[in-house]
Amino acid sequence: MNETMDRELGWDDEIQKDNEFVTLPEGDYDFVIDRYERARHQGSDKIPPCNKAIVFFRVMSPNGQEVTLQESFILHTKLEWKLSELFCGVGLKKKGEKLKMNWAALPGLKGRAQISLEPGTKNPEQKFNRIKKIYPFEEKSFKAGEF
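Predicted model only: the values in this text are computed from it and were never measured.

Trainee: What is the right way to read the nonpolar core from this model?
Mentor: Within the largest apolar cluster, 21 residues are counted, with the highest numbers of intra-cluster contacts made by F57, L86 and W103. At the level of elements, β1 (27-41), β2 (50-60), β3 (66-74), α1 (80-89), β4 (110-119) and β5 (127-134) are the ones that each hand at least two residues to this core. Here this core takes 4 residues from β2, the largest share from any one element. Filtering out sequence-adjacent residues up to four positions away, W103 remains in contact with Y36, A53, V55, F73, L75, L83, L86 and F87.

And the structure:
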């Protein structure tokens, strides 16, 4: 039996895993989009209930440990700039151009982002990584004799 499968635990089961939460220092990092999930924004003072995507970014920490960050992208015109930033950041959109969002194309795409440490809403003493900015995608150009 594969013991790494997720499953319900019984009241008398043995447990071992500890919290493996890793906080990255603030800075710029390369990322790979792992996956996305469709969800709903429940509504707030500024934005009514609407669709949202939760995007999972894989980032390598300075000590070589892979860290997964998740960021919500609310599908509302007030946050259209953030959606454009995401699709520009992975090379699917060019600045100023219209784009039909293709969410299925995101997994596996790479980019670069500025990651910050921000206080938690429930406990300001606890710090969480957030993607503050996704940089526009830059094609890697080949120059003879350079790496």
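Trainee: Looking at this model, I keep getting lost on the pairing of β3. Mind explaining?
Mentor: Successive side chains on a regular strand alternate, one facing one side of the sheet and the next facing the other. Where β2 and β3 come together, 9 bridges link them in antiparallel fashion. Bridged to V59 within β3 is V67. The turn joining β2 and β3, which pair antiparallel and follow one another in sequence, is formed by 5 residues; a positive phi near 90° is taken by G64.

Trainee: Can you walk me through the pattern of salt bridges in this structure?
Mentor: Throughout the structure, instances matching the rule amount to 8 salt bridges. Ionic pairing is found between D30 and R112, a salt bridge with its closest N-O pair at 2.8 Å. Here D30 is found in strand β1, whereas its partner R112 is found in strand β4, with 82 residues between them in sequence. Among the residues examined, R112 registers a relative accessible area of 36% and is labelled partly exposed. Note that D34 and R35 form a salt bridge whose closest N and O atoms lie 2.9 Å from each other. The exposure class assigned to D34 is partly exposed, which follows from its relative accessible area of 30%. Within this structure, D34, R35, E37 and R58 form a network of salt bridges that share partners.

The rules behind each value
- Residues numbered from 1 in each chain as written.
- Predicted model: local features only at pLDDT ≥ 70, side-chain atom pairs only at ≥ 80, totals over all residues.
- Heavy atoms only, no water.
- Core = buried A, V, L, I, M, F, W, Y, C linked by side-chain atoms within 4.5 Å.
- Buried < 20%, exposed > 50% of the residue type's maximum accessible area, 1.4 Å probe, protein only.
- Helix = DSSP H or I, 4+ residues; strand = E, 2+ residues; numbered from the N terminus.
- Contact = heavy atoms within 4.5 Å.
- Pairing = 2+ DSSP bridges.
- Salt bridge = Lys/Arg side-chain N within 4 Å of Asp/Glu carboxyl O.

Geometry only, nothing functional implied.
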